[in-house]
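Take a look at the letters that make up each chain.
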Amino acid sequence: MNPSVYLLILTWNSKKHILECLESVQRLDYDNLHVVVIDNGSSDGTAEAVRDGYGDKMTLIENGENLMFARGNNVGIKYALEQKADYIMLMNDDVAVDSRMISELVGAAESATDIGVVGPKIYYWEPKDQIWFAGGKIYLHRGTGAHIGIRETDRGQYDEQREVDYITGCALMMKRAVIEEIGLLDPAYYFYWEDADWCMRARKAGSRVVYVPTAKLWHKISASAGGQLSKRKIKAKLRSGAFFFRRYAKWYHWLTIPVFQIFDALRVLLLVLLGKFRDTTAAK
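For clarity, every value in this text was computed on a predicted model and none was experimentally measured.

Examining the overall build of the chain
Broken down by element type, the chain carries eight helices and 12 strands. Against the 2.2 N^0.38 benchmark of 19 Å for 284 residues, the chain shows a C-alpha radius of gyration of 18 Å, consistent with a compact globule. When its C-alpha atoms are laid out on the principal axes, the chain stretches across 55 × 40 × 40 Å. The burial tally for the chain puts 52% of its 284 residues in the buried class. Sequence separation of 24 or more characterises 77% of the internal contacts of the chain that already satisfy a separation of 6 or more. Here the chain has roughly 13000 Å² of accessible surface; of this, 52% comes from carbon and sulfur atoms.

See below:
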């Protein structure tokens with residue numbers, strides 16, 4: 001079996017990143033792969049550079065304006081569905097992939113009919129063995145979500161394939177049948193948390209969400225959002241997170257959410273003071 005995979009890469013004013021990403025994508029060993037770059041109205045020559053460098057190897061969709069994450073990706077998802085894609089994968093433009101990533105994800109998804117969403121182990125760009133994402137966990141009673149394994153050196157502690165609460169939209173693959181059942185990404189989110197919402201809807205529909213450690217990817221982290229500590233990113237995460245938990249948290253969760261939110265803010269402040277957060281704008 002060799003199901004078709006449509007790899008959607010949303011980009012916006014990220015010419016350097018997308019060209020490096022597409023160079024990496026050329027090394028993927030999966031035959032039935034269709035790469036689609038979705039340009040969100042870039043003004044820095046991104047679309048022209050992609051067309052000139054890779055126009056014969058992928059499809060370029062130009063939105064003409066910045067539709068943000070959900071609406072921008074939805075344009076590509078609709079296109080992939082029209083092309084009868086078996087799998088649709090969202091991927092950031094500031095990443096490099098292992099050659100086996102798509103093959104490993106498809107293999108895991110094909111192993112069980114109830115697996116609807118899969119995602120890889122994601123590392124920081126530097127150091128190459130430091131984990132950024134080994135599956136996602138949602139704590140409704142805390143009003144927070146977390147990347148499992150974040151900032152840990154990879155010693156094989158997350159090498160077991162397992163079910164998780166969500167897969168990050170940085171690299172998320174979903175079966176066509178699941179998308180047809182639950183619908184597209186919700187544009188009500190400004191950006192951030194759309195991926196967790198999509199996975200939550202998939203889980204509620206009976207699909208398992210699975211982390212696949214044999215699939216690997218390296219990520220520059222928030223390059224397009226200005227870095228980990230950018231005001232734009234912090235504001236967007238707070239806004240979208242509040243929307244997510246208003247949708248999914250039960251009334252009794254709100255008895256504890258404010259307390260955990262205060263502790264989480266203090267935790268982030270401590271990480272900043274200790275230098276554990278790295279503003280990745282330098283990676284640009």
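Thoughts on unusual backbone geometry
Looking along the chain, the bond that leaves E126 and enters P127 is cis, with omega of -10°. Locating P127 in the fold gives a position in the loop between β6 (115–124) and β7 (131–133). Positive phi, close to 85°, is recorded for Y192, a residue that is not glycine. Within the secondary structure, Y192 is located in the loop between α5 (176–182) and α6 (194–204).

Regarding the pattern of salt bridges
On inspection of all chains with the given rule, the structure shows 15 salt bridges. R208 serves as the salt-bridge partner of D114, at 3.1 Å between the closest nitrogen and oxygen. Taken together, the residues span a long stretch of sequence, with D114 in the loop between α4 (101–110) and β6 and R208 in strand β12 (residues 208–219) at a distance of 94 residues. The salt bridge partner of K128 is E126, with a shortest N-O separation of 3.9 Å. Given a relative accessible area of 46%, E126 falls into the partly exposed group.

Some details on the packing of aromatic side chains
Applying the stated criterion to the full structure yields 11 aromatic pairs. Aromatic rings pair up to connect W193, F244, F245 and Y248 into one cluster. Sitting over the face of the ring of Y139, R142 holds its NZ or CZ atom 4.5 Å from the ring centroid. Above the plane of the ring of Y192 lies K237, whose end atom (NZ or CZ) is 5.8 Å from the centre.

A few points about helix α2 (residues 46–54)
All buried positions along α2 are accounted for by T46, A47, A49, V50 and Y54. Down the axis of α2, the buried side of the element spans an arc of 165°, and every buried residue falls inside it. On its buried side, α2 packs onto β1 (5–11), α1 (15–25), β2 (33–39) and β3 (59–62).

Digging into the side chain of D197
One can find D197 in helix α6. Using a relative accessible area of 0% as the deciding quantity, one classes D197 as buried. In terms of polar contacts, D197 uses its side chain to reach the side chain of R247, at 2.8 Å. Ignoring any residue separated from it by four or fewer positions in sequence, one finds D197 in contact with D186, Y189, F244, R247 and Y248.

Quick notes on the side chain of N73
Along the chain, N73 turns up in helix α3 (residues 68–82). If we skip the residues at most four places from it in the chain, N73 touches L8, L10, I38, M68, L90 and L185.

What counts, and where the lines are drawn
Residues numbered from 1 in each chain as written. Predicted model: local features only at pLDDT ≥ 70, side-chain atom pairs only at ≥ 80, totals over all residues. Heavy atoms only, no water. Helix = DSSP H or I, 4+ residues; strand = E, 2+ residues; numbered from the N terminus. Rg over C-alpha atoms; globule rule 2.2 N^0.38 Å. Buried < 20%, exposed > 50% of the residue type's maximum accessible area, 1.4 Å probe, protein only. Contact = heavy atoms within 4.5 Å. Areas by Shrake-Rupley, 256 points an atom, 1.4 Å probe, with all protein chains shown as cover. Salt bridge = Lys/Arg side-chain N within 4 Å of Asp/Glu carboxyl O. Phe/Tyr/Trp six-rings, centres within 6.5 Å; stacked < 30°, edge-to-face > 60°. Lys NZ or Arg CZ within 6 Å of the ring centre and 35° of its normal. Arc of directions from axis to C-beta. Polar contact = N/O pair within 3.5 Å; in protein donor to acceptor, adjacent residues only side chain to side chain.

These results come straight from atomic positions and should not be treated as a statement about function.
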